[in-house]
Amino acid sequence: MDLFDYMKEVNEKSDAPLASRLRPDSLDSIVGQEHILGKDKFLYRAIKADKLSSIIFFGPPGCGKTTIAKVIANTTKSNFKQINATTAGKKEMEEAVSEAKIAFSMYKRKTILFIDEIHRFNKSQQDYLLPFVEEGTVILIGATTENPFFEVNKALISRSRVLELKSLSHKDIESILYKAINDKERGMGRYDVDISNDAVEFISKSVDGDARNALNALELAILTTDISEDGKIHIDINIISECIQKKILKYDKDGTTHYDTISAFIKSMRGSDPDATMYYLAKMLYAGEDIKFIARRIVICAAEDVGLADPIALNIATNAFLAVERVGMPEARIILAEAANYIACAPKSNASYLAINAALKFVKENSDFDIPKHIRNANYDGEKDIGIGVGYKYAHDFENHFVEQQYLPDEMKDTVFLNLTDMGFEKSIKTHLNKIKKKDR
């Protein structure tokens, strides 16, 4: 490279967007994704040892898929070739494969082929890659925002390791922003920036884990704000709000508004008002509330306020929690909405909630009574001689799989904890229990 080419490259880097300039160039400088890049994890070890096999990265925008690929490019001894599936065609792939064959045959060097947005390739384009991946001519690194099990050739999937990348946390985003503000070589450190903590927090909550969007917002805010009389660029939450084009909500995640909003959300579901439920859910999502926190509250409400009136509610809420963990935002909003609406519209009963509270209170305030001998566990010779297990009636041997016998200790044999209502499915349970008990008697 001559001096002219070198200066051109330097100028291009300095003019590049902040998100591009600040892209990590080593494993230790990557923020987030500890589940695959921790020092004891597979990917970290594979990159360090330069023993990478074909991989498909799957995750939301801005979570670091391309960044990790660039780090691999900086650390590997293999050739590295990058293609973007949104613009590349078969010709580009043929050229990449041809170069890979030459590199291996002449220099015994492998080639890592990074294909960004690999889900954009059609079936024939993906099929073309298959034999070269299989024989090891290229090591494939694919990146996609779509579920690869639906969008990528099954044969390629079977020859690759699928690694899911997660949205960056608010703390991860804040760490990246502060680094950008203070970095004088690649970041905005050459500007004298005074930014409020509220402004940084507002960005981190507004970008749904997308570091690129966060850095773009910060750069725009700094470059479009005049220098004050004290020589500094002062950035507050109002300036950031304008740059992101997102309204500031009175929502302090650690303060009173946070607790008031989640309280209103739960009480709206309990009160069977789906419209109010959606309003408070939207308010929390817009403000950047932790989606797993919201999902947990829905699960609790399903058990506490719906209960046996509709036992399916707890299944829906629990599955929603699992789905939210796997999908992330922005699609998680749909999952949360479905679960919250179901809870809001379901028949309500707090019978189970009251029953366990009453039982706990009883246990706390009373002596530890002996368990009736006939329902104790008889495992040893001689126990039956003292009555352990004697007289137990196996319910399935009787009509309706029910037989009247005493389960509670003698001192509390007539105690009732569960008082079933006539709401929803709970009425059917109540009718069933009354029917079999009366028939037995």
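Predicted, not measured: the structure shown is a model, and the values here were computed from it. (Residues numbered from 1 in each chain as written. Predicted model: local features only at pLDDT ≥ 70, side-chain atom pairs only at ≥ 80, totals over all residues. Heavy atoms only, no water.)

Focus: helix α15 (residues 274-286)
Piece 1. An ideal rise of 1.5 Å per residue puts 18 Å on 13 residues; α15 measures up with 18 Å between its terminal C-alpha atoms.
Piece 2. Regarding α15, the residues found buried are Ala-276, Thr-277, Leu-281, Met-284 and Leu-285. Viewed end-on, α15 has its buried residues packed into an arc of 170 degrees, placing them on one side of the element.
Piece 3. Measuring from the side-chain oxygen of the N-cap residue of α15 to the backbone nitrogen of Asp-275 gives 3.2 Å; that N-cap residue is Asp-273.
Piece 4. A positive phi of about 85 degrees marks Gly-288, the residue just after α15. (Helix = DSSP H or I, 4+ residues; strand = E, 2+ residues; numbered from the N terminus. Expected span 1.5 Å × (residues − 1). Buried < 20%, exposed > 50% of the residue type's maximum accessible area, 1.4 Å probe, protein only. Arc of directions from axis to C-beta. Polar contact = N/O pair within 3.5 Å; in protein donor to acceptor, adjacent residues only side chain to side chain.)

Notes on the UniProt feature "domain: AAA+ ATPase" (unreviewed entry) in the protein chain
Piece 1. Those residues carrying the UniProt feature "domain: AAA+ ATPase" (unreviewed entry) are residues 51-177 in this numbering.
Piece 2. Secondary structure across residues 51-177 divides into 46% helix and 21% strand, with the first and last C-alpha atoms of the span separated by 33 Å. (UniProt positions renumbered as here; feature names shortened; annotations may be inferred.)

Observations regarding helix α6 (residues 90-107)
Structural remark: α-helix, 3.6 residues per turn; residues separated by three or four positions point the same way.
Piece 1. With 18 residues, α6 ought to run about 26 Å at 1.5 Å a step, and its terminal C-alpha atoms sit 25 Å apart, in line with that.
Piece 2. Following α6 by one or two positions, Lys-108 has its phi on the positive side, about 55 degrees.

Side note on the packing of aromatic side chains
Piece 1. The tally for this structure, following the rule as stated, stands at five aromatic pairs.
Piece 2. The interplanar angle of 70 degrees and the centroid separation of 4.9 Å between the aromatic rings of Tyr-279 and Tyr-280 together place this pair among those described as edge-to-face.
Piece 3. Where Phe-362 meets Phe-417, the ring centres are 5.9 Å apart and the plane angle is 75 degrees; that geometry is what we call edge-to-face. Here Phe-417 lies in the loop between α19 (351-365) and α20 (424-440) and Phe-362 lies in helix α19, a separation of 55 residues in the sequence.
Piece 4. A residue is classified by how much of its surface remains accessible, and Phe-362, at 21% relative accessible area, is partly exposed.
Piece 5. Connected via pairs of aromatic rings, a cluster forms that spans Phe-362, Phe-369 and Phe-417.
Piece 6. Positioned over the ring face of Phe-104 is Lys-108, at 5.4 Å from the centre of the ring. (Phe/Tyr/Trp six-rings, centres within 6.5 Å; stacked < 30°, edge-to-face > 60°. Lys NZ or Arg CZ within 6 Å of the ring centre and 35° of its normal.)

Topic: the pattern of salt bridges
Piece 1. The final tally for this structure, using the stated rule, is eight salt bridges.
Piece 2. Of the charged contacts in the structure, one is a salt bridge between Arg-159 and Glu-134, with a shortest N-O distance of 3.0 Å. Of this pair, Arg-159 sits in the loop between α9 (154-158) and β5 (161-164) while Glu-134 is found in helix α7 (residues 123-134), placing the two residues 25 residues apart along the sequence.
Piece 3. Note that Glu-365 is salt-bridged to Lys-361, the shortest N-O span being 3.1 Å. Of this pair, Glu-365 and Lys-361 both sit in helix α19, four residues apart, which is roughly one turn of the helix.
Piece 4. Its relative accessible area of 55% is what places Glu-365 among the exposed residues.
Piece 5. Here the salt bridges share partners, and the residues they tie into one network are Arg-270, Glu-304 and Asp-305. (Salt bridge = Lys/Arg side-chain N within 4 Å of Asp/Glu carboxyl O.)

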